[in-house]
Amino acid sequence: MNKKTLKIGIVGLGSVGQGVIKILQDNSELIKKKTNTDIQIIGICAKDKNKKRDIAIHKYKWFDNPKSLAEDKSLDVLIELIGGEDGIALEVVESAISSNKHVITANKALLAKHGNYLFGLAEKNKVTILYEAAVAGAIPIIKTLRESTASNDISALYGILNGTCNYILTSMERDSITFDEALEKAKELGFAEADPTFDIEGYDAAHKLSILASVSFSQSIAFNDISIQGIKNISLDDILAAKDYGYKIKLLGIAKKNYNKLTQNVRPCLVPSESQLAKIDWEKNAVVIKGGFFGELTLSGPGAGRLPTASAVFGDIFDIINETNYPSLGTPLSNLSENISSDNYNEKARFYLRFLLPDVSGTMASITNIMAKNNISIDDITQRISKKMFKQNLVPITIITSTTDFVSINKAVEDINKNNYSPISPNIIIIED
Ligand code: HSE
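The structure presented is a predicted model; accordingly, all values stated were derived computationally and were not measured. (Residues numbered from 1 in each chain as written. Predicted model: local features only at pLDDT ≥ 70, side-chain atom pairs only at ≥ 80, totals over all residues. Heavy atoms only, no water.)

## What to know about the sheet that holds strand β3 (residues 77–80)
Using the following cut-off: The pairing criterion for strands is at least two bridges between them, as found by DSSP. Strands here are runs of E lasting at least two residues and helices are runs of H or I lasting at least four, both read from the DSSP assignment and numbered beginning at the N terminus.
Sheet architecture is open: 5 strands sit in the order β2-β1-β3-β4-β5, paired in parallel fashion. One side of each edge strand has no neighbouring strand; the edge strands of this open sheet are β2 (38–45) and β5 (129–130).

Printed below as a string of C-alpha cells:
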C-alpha cells in the first residue's frame, strides 16, 4: 500500500483504544517521518459516546453502529479493541474482512476461539489480520516468531503471559501476604480487573498460548487442547516452601513438541530462583523460546497497559503500511498442520507436593512407604510449622520428588489420602527445572 494516507477506524475506546488515539496525537510527526504516510482516523465507535474519557474524542467522526464503520468505503484498516470471544467483536471483524478491510485486533479470546475461521476468511478476501497487541502487550513476540526466528524449528515455548497473576504471585512472595490480600492489592492498583476470573483461572494466559503455539509450531489454533490450571489454590505456605527450596512459583503457559506431538499447558510451576523467568516480577510478562539455531531467546516487558499495548497496535499499522505481507500465523494457512496434541500423563518431571496431615507417629513412614511403592524417589521431605493448624493437630508436609510422571504422582497422592486423614487436598505443582 503505497498511498500517502492510511484511513483507520477504531472500535472500542477503553484503555487501549484511547492509547492508540493518544500515540497518534502525540507522535504523529515521528510516525509520518518513519512511514511517509498520514494516518487518519476516519471514525470511532464504542458503547457509550458520552462516557468520561481521558482522551478528547470530539474531533473524530462518531459511528453508533460499529458495522457501519467496518464497512465504510473509505476505510483501510479496522482496529478492533472491544474484546470478548463472540458477540459484537466477532461481528465487526467479520464485517470488516468481508468488506475487504485489513483488521488489527488485541482480542486474544476472539482469535483463540475463532482464529482459524477468521484467518481463512481474511485469506479469501485478500486482507490481513494482525494481532501483536493480543499477546504479551508491548513485547514483539509475534513478529519475533513470525519473522526473525522463522527459520528455526522451535522445540518449546514458556511464557509468563498474564500480568495479573504474576503481580499476585510476586506480591505474595515479597510482602508475605495471602492470595486474597494480594488480589485486593492488585485490584486497588488497577492491575486486576474488577472481575479477575479470566486471569486467575488461567484462561487469559491460555488464549495467548494457543496463538503463540500456532505461530511457533505451524499448527492451527487449538485452544481446546490446552490443559488449564489457574493460581487460586496457591497459598502463601506454597510460596514460602518453594522459596526455601530455591524456587519461585510462576503461572506459565508452556507449549512443547514431543515426538511430533504438541503439549500445551497453563499451570503454576516451580521455577529455579536464578532462572530468567523467576526474575520476571510484578505485572511484567516474558516469553522464552527454544529454537534449533539460536538456542534460547527471552523477551520480556510490559504485558498490558494502555500505551504499551497501543504501541504494539502501531507495530501492526506499520506492517500494513509497509505491506510486509507475512502470513498471519507465520505459515501459509494451507501448510498448517492440524493440531496433534498429546496429554501430560507421560510427561517426566520433578514435583512439589504439599500435604496437611495428622501430626501423629507413623505419618512420615506411611508417606515414604507409599512413595516407594509407586517408584517415586524423594529428594526432600520436610514437616513445616503452621500455628493455624497446630490446634487441629495437623501439620504441613512438603515433598520434592525426583523425576517421575503424573500417573505415579496421582496414584501416590490418592494412596496417601486414603491412608492419612486430611481435611484438604494436597497441592501438586510441577517443577520446571
Ligand atoms: N488481563 C491481562 C493481564 C492483560 O493481566 O495480563 C490483557 O491481556
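## Some points on the pattern of salt bridges
Where we set the bar: Salt bridges are counted wherever a side-chain nitrogen of Lys or Arg sits within 4 Å of a carboxyl oxygen of Asp or Glu.
One pass over the structure, following the stated rule, counts 30 salt bridges. Notably, a salt bridge pairs D379 with R350, separated by 3.0 Å at the nearest N-O pair. Here R350 lies in strand β12 (residues 348–358) and D379 lies in strand β13 (residues 378–383), a separation of 29 residues in the sequence. One salt bridge connects R350 with D433, and the closest N-O pair in it is separated by 2.9 Å. One end of the pair, R350, is in strand β12; the other, D433, is in the segment after β16 (427–431), and 83 residues separate them in sequence. What emerges from the salt-bridge pattern is a single network uniting E173, R174, K243, K248, K250 and D281.

## Let's talk about the domain arrangement of the protein chain
Stated precisely, the cut-off is as follows: Note that the domain bounds reflect an automated or database-derived domain assignment. Summed over both partners, the accessible surface that disappears when two parts come together, traced with a 1.4 Å probe, is what is meant by buried area.
We note that the domain assignment places domain 1 (4–130), domain 2 (141–303) and domain 3 (348–431) within the protein chain. Placing the centre of domain 2 and that of domain 3 at their C-alpha centroids yields a distance of 26 Å. A buried area of about 1,200 Å², summed over both sides, lies between domain 2 and domain 3, and 54% of it is on carbon and sulfur atoms. Summed over the three residues of domain 2 that lose the most area to domain 3, namely D238, Y245 and L270, the buried surface amounts to 45% of that side.

## Considering the packing of aromatic side chains
Threshold: Geometry of aromatic contacts follows a simple scheme: Phe, Tyr and Trp rings, the Trp one being its six-membered ring, pair when their centres are within 6.5 Å, and the pair is stacked under 30 degrees between planes, edge-to-face over 60, tilted otherwise. Partly exposed residues are those whose accessible area sits between 20% and 50% of the maximum for their type, while under 20% is buried and over 50% is exposed, using a 1.4 Å probe and protein chains only.
Tallied over the entire structure, the rule returns 5 aromatic pairs. A centroid spacing of 5.2 Å and a plane angle of 50° characterise the contact between Y167 and W282, whose relative ring orientation is tilted. A residue pair is termed long-range when its members are at least 10 positions apart, and Y167 in helix α7 (residues 163–175) and W282 in the loop between β9 (261–272) and β10 (284–291) qualify at 115 residues. Of the residues examined, Y167 reaches a relative accessible area of 4% and is grouped as buried. By relative accessible area, W282 is classed as partly exposed at 26%.

## Regarding the UniProt feature "binding site: L-homoserine" (unreviewed entry) in the protein chain
Applied cut-off: UniProt positions are given in the numbering used here, feature names are shortened, and annotations may be inferred rather than shown by experiment. Throughout, a contact is declared for two residues whenever any of their heavy atoms are within 4.5 Å.
Per the UniProt record, the feature "binding site: L-homoserine" (unreviewed entry) sits at E193. Tracing the chain through its elements places E193 in the loop between α8 (179–188) and α9 (197–200). Aside from chain neighbours lying at most four places away, what touches E193 is K187 and D199.

## Considerations on the site of the ligand
Cut-off, in case you're wondering: A cutoff of 4 Å decides nearness: a residue is near a molecule or strand if any of its heavy atoms lies inside that distance of it. Polar contact is the term for a pair of N or O atoms within 3.5 Å; when the atoms are in protein, one must be able to donate a hydrogen and the other to accept it, and sequence-neighboring residues count only if both atoms are side-chain atoms. Throughout, the Shrake-Rupley method with a 1.4 Å probe supplies accessible areas, and for residues the shown protein chains are the sole cover considered. For this classification, Asp, Glu, Lys and Arg are treated as charged, while Ala, Val, Leu, Ile, Met, Phe, Trp, Tyr, Cys and Pro are nonpolar and the rest, including Gly, are polar.
Every residue near the ligand is listed here: K108, N162, G163, T164, D199, D204, K208 and A304. Here D204 contributes a side-chain N or O atom positioned 3.3 Å from an oxygen atom of the ligand. Contact between the ligand and K208: an oxygen atom at 2.8 Å from a side-chain N or O atom of the residue. Protein contact buries 83% of the 260 Å² of open area that the ligand shows by itself. Considering only residue class, the shell around the ligand consists of 1 nonpolar, 3 polar and 4 charged.

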